[in-house]
Amino acid sequence: MYSADAAERYVRAVVSEIEKWRMVDPPEAVDTIYFGGGTPSLLSPGQLETLLNALYKRFTVAANAEVTTEINPGSVTPETLVAFRGLGVNRASFGAQTFDDNELARLGRSHSVEDTRRTFNYLRGAGFRNVSFDLIAGLPGQTMAGWRRNLDESFELGPEHLSFYLLEVHQGTPLANHIKIGLQSRPDEDLAAEMYEVMLDRAVTAGYEHYEISNLCLPGLQSRHNMKYWTAAPYYGFGCSAHSYDGKFRRWANEREVVKYMEMVEQGRTVIVTETQLSESDRQAEAVFLGLRMMDGFSFEEYQQLFGSDLRAKHADDLMRFREAGLIECSNDLLRLTRAGALLSNEVFAAFV
């Protein structure tokens, strides 16, 4: 449950963490800032300004930085969005997920379809010209006709960026329990795959580029921040459960529990609770499966330069098997997934881990 006092305390803790941040090789300039996780749209403009001021004071931020905030549909007012835009936030991402109120209810979401439409219109009215939202395919009981209506609504609104996901049912979630006891049907994987194909066809016709397995954008409007994850660039996270990567060998993550995180900051203790040193084989595997997420493909030569190893020779049998199955294409120096390969990407990735 939201508490104004707790929000103020949390903002103070994050500012303190930013101020105390130290790195041996700090970045020359920060070109993306992303407010995500939880519901950052519940921040007041004053709280968001406090966080941005701390970042601008601690880091050199590029003049053309992409500054994104996640938004829950129905959680913001037009006035708040105008204030956010005035503070330099220039991109918004929110979880539409489906344009069917019954499906939203089955997912346990608190917003309605009308909340999504209204929030999108508020964003446009506030001057946001780079908006992303996501859709989920393969929901229990979802039909192809319903999916096509989702696409109709999406492309009629015309966001600059779309993320789409095939529903995954995780053990222990309410959805998994409902399926187990028969309250909801199990997702149809074949239908979900067909929905993926229909989505791509519609998007390409509408002028979108399929630049990453689960992401589409209008030309030049890729998520610059998320590209850092897929290209193994360094990124630094602040706040509860934030993750970081130095771009080389080290990954770390902060305390997940909010109250404990705030207490650790206030007591002057480190909030880092997990740390991983990547081995050379870890880095090689990550380079391949992250690189293959990009639909432009992965460079054999770049792999050779990074690791002094020939990927084609090292995985000759796997590459032949996947090529014969129609899951990958090898063209000159590039290895890329086909559409079929994108649907079965986890099977392809597993061969390189």
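See the structure printed just above.
Being a predicted model, the structure only gives us computed values, none of them experimental.

A.B. asks: Teacher, can you tell me more about the environment of R91 here?
C.D. replies: Here R91 is to be found in strand β3 (residues 91–97). Overall, the relative accessible area of 2% leaves R91 in the buried class. Along the sequence, R91 and D318 sit 227 residues apart, while their C-alpha atoms lie 40 Å from each other. Apart from residues lying up to four places away in sequence, R91 is in contact with Y34, E66, V67, T68, T69, F128, N130, S132, H161 and S223.

A.B. asks: Looking at this structure, I do not really get the nonpolar core. What am I missing?
C.D. replies: Across soluble globular proteins, nonpolar side chains show a tendency to be buried alongside one another. Counting 81 residues, the largest nonpolar core has F128, L292 and F352 as the members making the most contacts within it. Broken down by element, this core gets its largest block of residues, seven residues, from helix α8 (residues 189–205). Leaving out residues up to four positions away in the same chain, F128 has contacts with L81, F84, R85, V89, N90, R91, A92 and L123.

A.B. asks: Honestly, the pairing of strand β6 (residues 209–212) in this entry has me stumped. Any pointers?
C.D. replies: Regular strands show a simple pattern: their side chains alternate between the two faces of the sheet. Sheet topology note: the β6/strand β7 (residues 215–217) ladder contains three bridges and is antiparallel. For E209, the partnering residue across the bridge sits in β7 and is C217. Hairpin connection, β6 to β7: the antiparallel pair is bridged by two residues.

A.B. asks: Hey, could you run me through the packing of helix α1 (residues 4–20) against helix α10 (residues 258–266) in this one?
C.D. replies: Each pair of packed helices gets described by two things: the angle between the helix axes and the distance between those axes. Where α1 meets α10, the closest approach of the two axes is 9 Å, and the angle between their N-to-C directions is 50 degrees. Our classification of the angle between α1 and α10 gives oblique. Pair α1 / α10 crosses with left-handed handedness. In this structure, α1 contributes A6, R9, Y10, A13, V14, S16, E17 and K20 to the contact, and α10 contributes V258, Y261, M262, E263, V265 and E266. Taken together, the residues of the contact of α1 with α10 break down into eight nonpolar, one polar and five charged.

A.B. asks: Explain unusual backbone geometry to me, please; I cannot follow it from the model alone.
C.D. replies: A negative phi holds for most residues other than glycine; trans holds for most peptide bonds. In this structure, S241 is a non-glycine residue whose phi angle is positive, near 65 degrees. On the secondary structure map, S241 appears in the loop between α9 (224–230) and β8 (243–245). Residue N332 is not a glycine yet carries a positive backbone phi of 55 degrees. Mapping N332 onto the fold places it in the loop between β12 (328–331) and β13 (334–337).

Basis of the calculations
- Residues numbered from 1 in each chain as written.
- Predicted model: local features only at pLDDT ≥ 70, side-chain atom pairs only at ≥ 80, totals over all residues.
- Heavy atoms only, no water.
- Helix = DSSP H or I, 4+ residues; strand = E, 2+ residues; numbered from the N terminus.
- Buried < 20%, exposed > 50% of the residue type's maximum accessible area, 1.4 Å probe, protein only.
- Contact = heavy atoms within 4.5 Å.
- Core = buried A, V, L, I, M, F, W, Y, C linked by side-chain atoms within 4.5 Å.
- Pairing = 2+ DSSP bridges.
- Axes fitted to C-alpha atoms, helices over the stretch in contact; angles between N-to-C directions.
- Parallel < 35°, antiparallel > 145°, perpendicular 65-115°, else oblique.
- Left-handed = near helix turned anticlockwise from the far one by under 90°.
- Nonpolar A, V, L, I, M, F, W, Y, C, P; charged D, E, K, R; others polar.

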